[in-house]
Amino acid sequence: MESTWREICKKRHCYLWIAPFFVIFAIFSVYPALYGLGISLTNHDGFGTPRFIGFENYVNLFSDSLFWKSLGNTVVLWALIVPARTLLALILASVLNSSKLLGRRVYTIVSLLPYVTAVLVVANVFRMLLATQGGIINVLLSGFGIGPVGWLDTTQMSKISVAVMNIWRMTGYFAIVLLAGMQKISSSVNEAAELDGAGPFRKFLGITIPLMGPEIFFVVLMSSIWVLQNMGDVMVLTKGGPINSSMTLVYYIYKNAFEFSKMGYASAMSYVLFLLLMIISIFSVKGQYSSSKEDKK
Amino acid sequence: MKKLLIAIMTLCLLAGSLSACSGNTGQSSPSVESQTAPSEAQSSTAVPSNDTQPGDPQPETPVLPDGPVVLNVMGGANLISTTEVALKGYLEQNSNVTINFEKYSYSEYPVKLRLQLSSGDAIPDVMLVHDLFMPQLINNGWLMDLTDMIPMDDVLPVFNSASKDGRYYGIPNQASTLYAFMYRQDVYDQLGLQPPSTWDEYYEQGLILKEHGYYAGAYDPTAGSAENIANTFVNYMGMLGGDVFDSQGAVSLDKGVEALTMLKKAYDAGILHKSVSTSSDGDFWTVFNEGKIAAAPGMSFEAARYLSNADPQGPAYGQMRLAPIMKFSDDGPDTYSSSITYFVINAKTANEQAAKHLVNWLTLSEEGCVAFANVDAEGIVATYTTAYIPGIQKVIDTGITPWDVFGGQQVTVDVAKILLDARPAVTYKDARYPEAETIMAEILSETFINNKYTPEQAIEEMKVRIGKLSA
């Protein structure tokens, strides 16, 4: 301990250089987080004087059926979105990485367009596409004799519609991330595999994917976190309906905080979500580092 | 020396970072006003009487200060845009006044408003607020007492959510929000029908319209927004003389079973199109422009949506008419108002006299009432009267521009006549209403789609769950 402190004092000017980040982090991240924890122990409506109620908000969470429903919906959305999006991003990245593709840079830019388009715009377009009466998708399906599908107004299809929109919107971004990982793979590895008689599919499965472990891990982790924090898609596309079938946890937190004026209760839910994300992140990172250590051995 | 230089540079960097982090200046800490329970806040609420007592002081007439005045007016985008158009005459008459309009979406403006007021900010000076937000603003002491400005004899008694302990903290702006009956004259003439006078008559007409391929309204229990799902049910309840809360703020749902039974009867009979008539996009307008909506009971402010959504080439264009709503029961009101908006003044405003002068013009003047009734600008879907009785009468006497969609009918004038002839039952709302709406919407959806509840069970479930809400 003493030697550590001596070391710190000896190199104190170094700590001064990194101090600004930590000061800003403390002011804009740590302080609000701790303030939120304090608010979660009150009945604060966001405007008046909060009254301390202890863990009552957390206790109420367990009996709040809509909280569990929204958490379940979020998990289902995760299962629908993350694997499909990761797979599609991998496929798109490998297409963009192909030397035979003409105008590769143009396609790379175009694949990012859904990501940079505002969620509101994308959601409104999807609402027009998926409208039960007169929506373009149902009009096309009617040509094949398929009756109008309630994409947005049936409990069975609402989550699927949200997932489809989210996958369309974000796949391009993750494809670019994976493309960067693919491009760092040395061409000599692929050449050696070709000499050994490996076809494109075998090379993709046996070389590309294993060597892109860290990138795929990053995509899955970030994808998971963003899905678990998803609010914009649901808010505009389905407003959590019908019958709360597409209500996500973050949207439910938003409604409690800003529509129902229950800031304390919303803060409590936020902390539950924070713990959930922390557990997922810890286990994911631990798993990744364990497999990395095994690879090195 | 080198280390000293590095240390100085680091401190400068740190100071620069911290100064960039500074937030708003001059903001006081959040208000420490305590909230009162709804029963405490509203138990002494008096519905204003139109009778003044002898010797009562005359309402104060605000005087606009000389010299340049800058006022900030905040509220929901649509209504503030309407206000901006209506104020053109006022600004021409009072050239020393400059108004900054702050417009936010309906879902965003209450949050912005409460954040600014809770920080003790003097801005905005004047706000346009929906009834459900009023009790919270009043209880926190953020609004100026406007009682002395109001000539009670000349204003419709629609102050339910804007009063506390006999004092009034807001003056009605959009007051002509009545439940009305909109229908296609050509279809009704063709089928030999007249606007219904009772709900049973409306239901029978709905069956006749259905036989001929038309719909008699719209309701979608799967519509995403809780407001869209719950509104029709609450309107039915209001037309039967009931409400979600009573005037003291206690959970009521009186007439809820009858309302839900009637609505379900209409929905199950297929006379209602599965869409949302209050929405500006989507299925309802597609079907309307195809000519399949022959009748649509709804709030009178929805008539203005036809101006921008009706296809001039469509079969319904020019054929719409607005008539008084049918009676839902013998002991129910003649009409019902689900929403009133109020102009309020920030208790911390630095421009008290100017703000009062502006609010007086907007809400308690004939010119203001006529201006709101004559709003006609691209993209504006609101035109209405205030609650100032002489102003409403002036609108009736002078008339407004006829609406082509309604075959030349002066819709706002006819709504104003209904307003004076049949004073509407007015709903009570407070901060619990959005969550109550969400609860009602969920239970209604389960009732209509999954048949999970009978009407009696649905109302009981609503009472239990809404009863758990605290203000």
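Scroll up to find the structure.
What you see is a predicted model, and the numbers here were worked out from it, not measured in a lab. (Residues numbered from 1 in each chain as written. Chains lettered and ligands numbered in written order. Predicted model: local features only at pLDDT ≥ 70, side-chain atom pairs only at ≥ 80, totals over all residues.)

Draft legend 1. Just the overall build of chain A, in detail. Tallying secondary structure elements over chain A gives 14 helices and zero strands in all. In terms of overall dimensions, chain A has C-alpha extents of about 70 × 70 × 30 Å along its principal axes. Expressed as a percentage of the 297 residues in chain A, the buried residues total 32%. Within chain A, counting contacts between residues at least 6 apart in sequence, those at least 24 apart form 69% of the total. (Helix = DSSP H or I, 4+ residues; strand = E, 2+ residues; numbered from the N terminus. Buried ≥ 20, exposed ≤ 12 C-beta atoms within 10 Å, placed from the backbone. Contact = placed C-beta atoms within 7 Å.)

Draft legend 2. Representation of the sheet that holds strand S6 (residues 171-172) of chain B in the model. Residue and element names in this part refer to chain B. Within the open sheet, the five strands sit side by side as S2-S1-S3-S11-S6. Their pairing is mixed. Edge positions in the open sheet fall to strand S2 (97-104) and S6, since each of these has one partner strand only. Two elements, strand S1 (residues 69-76) and strand S3 (residues 126-130), share three bridges in a ladder whose sense is parallel. For Val 73, the partnering residue across the bridge sits in S3 and is Val 126. The sheet contacts of helix H3 (residues 77-86) involve S1, S2, S3 and strand S11 (341-345), and relative to S1 the element is tilted by about 140°. (Pairing = 2+ DSSP bridges. Axes fitted to C-alpha atoms, helices over the stretch in contact; angles between N-to-C directions.)

Draft legend 3. Highlighting unusual backbone geometry. In this chain, Gly 241 of chain A is followed by Pro 242 of chain A through a cis amide linkage whose omega measures -10°. The topology assignment puts Pro 242 of chain A in the loop between helix H12 (232-237) and helix H13 (249-259). Each neighbour pair has its own omega, and for Ile 123 of chain B with Pro 124 of chain B the value is 5°, a cis peptide bond. Position of Pro 124 of chain B relative to the elements: it lies in the loop between helix H5 (109-118) and S3. The backbone of Lys 255 of chain B shows a phi angle near 70°, a positive value even though the residue is not glycine. Relative to the assigned elements, Lys 255 of chain B resides in the loop between helix H9 (226-239) and helix H10 (256-268). Residue class for Lys 255 of chain B comes out buried when judged on the 22 C-beta atoms lying within 10 Å of it.

Draft legend 4. Local environment of the packing of helix H4 (residues 65-96) of chain A against helix H11 (residues 213-228) of chain A. Residues and elements named next belong to chain A. Running from amino to carboxyl end, H4 crosses H11 at an angle of 145°, the nearest separation of the two axes being 9 Å. Relative to H11, the crossing made by H4 is right-handed. Contacts between H4 and H11 pair Thr 74, Leu 77, Trp 78, Ile 81, Val 82, Arg 85, Thr 86 and Ala 89 from the former with Ile 216, Val 219, Val 220, Ser 223, Ser 224, Val 227 and Leu 228 from the latter. Considered class by class, the residues forming the contact of H4 with H11 number 10 nonpolar, four polar and one charged. (Left-handed = near helix turned anticlockwise from the far one by under 90°. Nonpolar A, V, L, I, M, F, W, Y, C, P; charged D, E, K, R; others polar.)

Draft legend 5. Spatial organisation of the environment of Ala 441 of chain B. Mapping Ala 441 of chain B onto the fold places it in helix H17 (residues 433-449). C-alpha of Ala 441 of chain B to C-alpha of Lys 112 of chain B: the two residues are 329 residues apart in sequence and 26 Å apart in space.

Draft legend 6. Spotlight on the sheet that holds strand S9 (residues 320-324) of chain B. Residues and elements named next belong to chain B. Spatially, three strands are ordered S8-S7-S9 in an open sheet, and the strand pairing comes out antiparallel. Across the chains shown, the open sheet's two edge strands, defined by having one partner strand only, are strand S8 (295-299) and S9. Neighbour to neighbour, the strand axes of the sheet diverge by 30° on average, direction disregarded. Bridge count for strand S7 (residues 179-184) against S8 is five bridges, and the pairing is antiparallel. Counted as the bridge partner of Met 182 is Ala 296 from S8.

Draft legend 7. Here's a closer look at the environment of Leu 273 of chain A. When you line up the elements, Leu 273 of chain A lands in helix H14 (residues 263-296). Separated by 202 residues in sequence, Leu 273 of chain A and Leu 71 of chain A place their C-alpha atoms 9.1 Å apart.

By themselves, these are just geometric observations and shouldn't be taken as functional.
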